[in-house]
Amino acid sequence: MALPWTLHGDGKTVGAQDVVGPGERLSWPLTIGIGSQHVVAMFGATFLVPLLTDFPPSTTLLFSGLGTLLFLLITGNKLPSYLGSSFAFIAPITAATASAGMGSALFGILVVGALLALVGVIVQLTGTGWIDRLMPPIVSGAIVALIGFNLAPVAKANFDKAPLTALITLVAVILCTVLFRGILGRLSIFLGVLVGYVAAVFFGEVDFSRVAEAAWIGLPPFTAPANPFENPAAVFGVLPAFLPVVLVLIAENVGHIKGVAQMTDAKVNRLTGRALLADGLATMLAGFGGGSGTTTYGENIGVMAATRIYSTAAYWVAGIVAILLGLSPKVGAIIFTIPDGVLGGVTTALYGLIGVIGVKIWLDNKVDFSKPVNQFTAATALIIGIADFTLNAGTLSFNGIALGTVAAIVIYHLMTWLARVRGTA
């Protein structure tokens, strides 16, 4: 069977103004090198999610790689993307695991994936116009922002466990961002973790006992989602916290595709439905086996922007490498040695950055905050999310992320409708 990529030129040289398209590739040694860059770019963020949620890192890496290959197949090798762990799952997974165990969290991931896949089918049939109307920039920005800011107490709790290590990590992240150029600058979080880790080793905060015991090669631990019919109160009780994640994944995927389209070809936008379907199925696959939910990664857009190489062949390499890393329990054990202080330092910046991405959505779309409907939509949703308002209804519990998401959508559309009816817009 012939491979689907055509060789770009001689496969060995790329001119300064040349662009290697999704359907092209360089020589396989160069393609492997580019694919390795994508692994490095995704690794810092992808391993942090299982680390912060107590999920097995090797399992998450395995399903991240498998999800990427599934994504490439469903999009016909036309949409260069890597599926890494989504930070939108951190808060609901943490809450679900604490109250009802890992199985309930995996059921939530499974449901999110199924809903996202369903949205993908609908978008493939109807287009993306209804998404833009349901979640205009003021709403989508508020949802993304409140998810990041809702996690602030988690960052503080880890920071307080080893303040000096956390401070060193945070400073390293900030300095690496401005001291390095190109791909190193984009890997500032990963580099900051390395610096903080070295400091933690020096301070005697790292336990290597599990690393020595772990095998180099072997299957990662797999966990099945909870059966909702065995303990419906616990499983369905945590589900409301996961539902807003669907909206975030839609926004992330649509934004990612638009970014790739700007760099490559506007025709890529036609693949939005397939991309949502693929990410949904990849998230379901992870939920079935004990991995975290996935999303398209902006970090890898940075690699493409820096190299002007958009070949999907490089993403096949990245996916395969992630699978191989997932099949090494020792890699997972090494990741798990990262102590609380390092996590506290990096998440102080990271969770804030998630919040700022929401603000950036407002700025990029020139949201007019002189309008009361925009003011109240953002203000109410953010306070609900940051303060983590909670509403209990029988066995169901709605946390700040769920309530803030509902508030953003309802307030915006209700105020817009009433203003139109009353002529006060």
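These lines cover the structure that appears in this document, whether it is placed above or below. (Residues numbered from 1 in each chain as written. Predicted model: local features only at pLDDT ≥ 70, side-chain atom pairs only at ≥ 80, totals over all residues. Heavy atoms only, no water.)

### Overview of the packing of helix α7 (residues 152–161) against helix α8 (residues 163–179)
For the record, the criterion: Axes here mean lines fitted to C-alpha atoms, for a helix over just the part in contact, with angles spanning 0 to 180 degrees between N-to-C directions. A run of H or I in DSSP counts as a helix once it spans at least four residues, and a run of E counts as a strand once it spans at least two, with each numbered from the N terminus. Note on angle classes: values under 35 degrees are labelled roughly parallel, values over 145 roughly antiparallel, values of 65 to 115 roughly perpendicular, and the remainder oblique. By the convention used here, residues are in contact when the closest approach between their heavy atoms is within 4.5 Å. Note on residue classes: Ala, Val, Leu, Ile, Met, Phe, Trp, Tyr, Cys and Pro are nonpolar, Asp, Glu, Lys and Arg are charged, and everything else, Gly too, is polar.
Look at α7 against α8: their axes get within 5 Å of each other, and the N-to-C directions meet at 120 degrees. Taken together, α7 and α8 sit at an angle that is classed as oblique. Here Phe159, Asp160 and Lys161 of α7 come into contact with α8, specifically with Pro163, Ala166, Leu167 and Leu170. Grouping the amino acids of the contact of α7 with α8 by side-chain chemistry returns five nonpolar, no polar and two charged.

### Digging into unusual backbone geometry
Glycine aside, negative phi is the norm for most residues, and most peptide bonds take the trans geometry. The cut-off we apply is this: Buried, partly exposed and exposed residues are distinguished by accessible area as a fraction of the type maximum, computed with a 1.4 Å probe on protein chains only: under 20%, between the cut-offs, and over 50%, respectively.
Not every positive phi belongs to a glycine, and Asp54 is a case in point at roughly 65 degrees. Within the secondary structure layout, Asp54 lies in the loop between α1 (28–53) and α2 (57–74). For Asp54, a relative accessible area of 57% gives the class exposed. Despite not being glycine, Lys366 has its phi angle at roughly 50 degrees, a positive value.

### A look at the packing of aromatic side chains
The line we're drawing: Ring pairs shown here join Phe, Tyr and Trp side chains whose ring centres sit within 6.5 Å, with only the six-membered ring taken for Trp; geometry is labelled stacked below 30 degrees between planes, edge-to-face above 60, and tilted in between. The rule is short: NZ of Lys or CZ of Arg within 6 Å of the ring centre and within 35 degrees of the ring normal puts a charge over the ring.
Evaluation of the coordinates by the stated rule reveals five aromatic pairs. The lysine or arginine in question, Lys330, covers the ring of Trp216, its NZ or CZ lying 5.1 Å from the ring centre.

### Points about the pattern of salt bridges
Put simply, the test is: Here, a salt bridge means any Lys or Arg side-chain nitrogen found within 4 Å of an Asp or Glu carboxyl oxygen.
Under the defined criterion, the tally for this structure stands at three salt bridges. Of the charged contacts in the structure, one is a salt bridge between Asp160 and Lys156, with a shortest N-O distance of 2.8 Å. Remark: Lys156 and Asp160 occur in helix α7; sequence separation between them is four residues, near one turn of the helix. Looking at Asp160, the relative accessible area reads 45%, which means it is partly exposed. Here Lys161 makes a salt bridge to Asp340, at a shortest N to O gap of 3.6 Å. Residue Lys161 is found in helix α7, and its partner Asp340 is found in helix α17 (residues 340–364); the two are separated by 179 residues along the sequence. Take Lys161: its relative accessible area is 55%, and that puts it in the exposed class. Classification of Asp340 as partly exposed rests on a relative accessible area of 33%.

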